[in-house]
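# Structural overview
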Amino acid sequence: MVALARFDTEGQWEETWVCDGLVRQNLAAAGVQFGRWPLRPLQLPAGDGLAAVQAAYGEELAALGEHFTLRSADRVAVSPGDARWPALRAQYLAEHRHGDAEIRFFLSGTGLFYLRSGAGFLGLLCEAGEWVALPAGLAHCFDAGEAPAFEALRLFGQPQGWVAEPTGAALPALPRYDDFVAQLLEQVGEVAEE
Ligand SMILES: CSCCC(=O)C(=O)O
């Protein structure tokens, strides 16, 4: 289930949306696109996997390609206990931006993006089958928690793949992945009880 939450400049949780239409509408205000693709078997070679992604997701990429130029692709996969995660997590949690659009498609698991939006932030929780496209230059960070479990396809507008420029900004205390999910579940439970 996708979930989008708005936070103020201090990191206070203000509002949550969990239906596709409202998620899309509120993301669009930040220039961000969100959608779903079917999950298909996908073998990616080491290095650039754009040709393999094109073979599996030709139609979807053609639709995306109207808005983005795609030049390379790879896959990032992390599971609980992965020794690479602490360093990777620190890199993703440091707010950064890219010179190309950030297009990510979740093949499995979940992950949380924080995006700058107006004076505050948007927290977007994505899961398998969902994709997000951030415009070039949008400051963001990402977390998948203490026990990360996700596999994401990354599509790049440049041949060399992932290149990030840290913003160096000190962010307010936005909830990390595990707290975000716990608070979201509390809210969803409260709505269900009403
Ligand atoms: C889901 S991949 C990691 C997210 C991220 O912040 C990035 O690729 O820049």
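Residues numbered from 1 in each chain as written. Predicted model: local features only at pLDDT ≥ 70, side-chain atom pairs only at ≥ 80, totals over all residues. Heavy atoms only, no water.

## A short note on the overall build of the protein
Along the protein, the regular secondary structure elements total four helices and 11 strands. The C-alpha radius of gyration computed for the protein amounts to 16 Å, which stays within 12% of the reference 16 Å derived for 194 residues, consistent with globular compactness. For the protein, the C-alpha atoms occupy an extent of roughly 45 × 35 × 35 Å along the three principal directions. Across the protein, the fraction of contacts at a sequence separation of at least 24, relative to all contacts at a separation of at least 6, is 73%. Of the side chains in the protein, 13 bear a positive and 26 a negative charge, and the two mean positions are spaced by 7 Å. (Helix = DSSP H or I, 4+ residues; strand = E, 2+ residues; numbered from the N terminus. Rg over C-alpha atoms; globule rule 2.2 N^0.38 Å. Contact = heavy atoms within 4.5 Å. Lys, Arg positive; Asp, Glu negative; His and termini not counted. Charge placed at Lys NZ, Arg CZ, Asp CG, Glu CD.)

## Some words on the packing of aromatic side chains
The way to describe two aromatic rings as a pair is by their centre distance and the angle between their planes. A complete count under the given rule lists 18 aromatic pairs for this structure. On the numbers, 4.9 Å between centres and 55° between planes, the contact of Trp37 with Phe105 is tilted. With Trp37 in the loop between strand 3 (33-36) and helix 2 (50-65) and Phe105 in strand 6 (residues 102-117), this residue pair connects regions lying 68 residues apart in the sequence. Accessibility classification places Trp37 together with Phe105 in one group, the buried group. Plain terms: the ring middles of Phe106 and Phe113 are 6.1 Å apart, the flat faces sit at 85° to each other, and that makes the pair edge-to-face. Just as Phe106 is buried, Phe113 falls in that class too. Chaining the aromatic ring pairs together yields one cluster made of Trp85, Tyr92, Phe106, Phe113, Phe142, Phe150 and Trp162. (Phe/Tyr/Trp six-rings, centres within 6.5 Å; stacked < 30°, edge-to-face > 60°. Buried < 20%, exposed > 50% of the residue type's maximum accessible area, 1.4 Å probe, protein only.)

## Description of the pairing of strand 10 (residues 150-156)
Consecutive residues of a regular strand have side chains that alternate between opposite faces of the sheet. Along strand 10, six of the seven residues are buried, which leaves the element largely enclosed by surrounding structure. As judged from the seven bridges shared by strand 4 (residues 72-78) and strand 10, these two strands associate in the antiparallel manner. Opposite Asp74, over in strand 10, you have Arg154 as the bridge partner. (Pairing = 2+ DSSP bridges.)

## Describing the pattern of salt bridges
Across all of its chains, the model carries 12 salt bridges by this definition. Residues Glu15 and Arg6 are paired through a salt bridge, measuring 3.1 Å at the closest nitrogen-oxygen approach. The partner of Glu60 in a salt bridge is Arg40, with the nearest N and O atoms 2.8 Å apart. Here Glu60, found in helix 2, pairs with Arg40, found in the loop between strand 3 and helix 2; they are 20 residues apart in sequence, far enough to count as distant. Judged by relative accessible area, Glu60 falls into the buried class, the value being 11%. By relative accessible area, which is 32% here, Arg40 ends up partly exposed. Within the structure, one salt-bridge network assembled from shared partners comprises Arg6, Glu14 and Glu15. (Salt bridge = Lys/Arg side-chain N within 4 Å of Asp/Glu carboxyl O.)

## Describing empty space enclosed by the protein
Across all of its chains, the model carries one cavity of 30 Å³ or more by this definition. Volume-wise, the largest cavity comes out at about 120 Å³. Lining the largest cavity are 13 residues, with Tyr92, Glu102, Arg104, Phe113 and Phe142 positioned closest to its centre. Contributions of two or more residues to the lining of the largest cavity are made by strand 6, strand 9 (140-143) and strand 10. Among the elements that make up the lining of the largest cavity, the one with the highest residue count is strand 6 (four residues). Along the lines of polarity and charge, the residues of the lining of the largest cavity split into eight nonpolar, two polar and three charged. (1 Å grid on protein atoms, 1.4 Å probe; cavity = no way out; pocket = protein on both sides within 12 Å on 5 of 7 lines; lining within 4 Å. Points joined across faces, edges and corners; volume = space filled by probe spheres on them. Nonpolar A, V, L, I, M, F, W, Y, C, P; charged D, E, K, R; others polar.)

## A few points about the environment of Gly120
Within the element layout of this structure, Gly120 appears in strand 7 (residues 120-127). Gly120 sits in the buried class, given a relative accessible area of 9%. Residues Gly120 and Val23, 97 residues apart in the sequence, show an inter-C-alpha distance of 16 Å. Discounting residues that sit within four places of it in the chain, Gly120 has contacts with Phe7, Asp8, Thr9 and Leu115.

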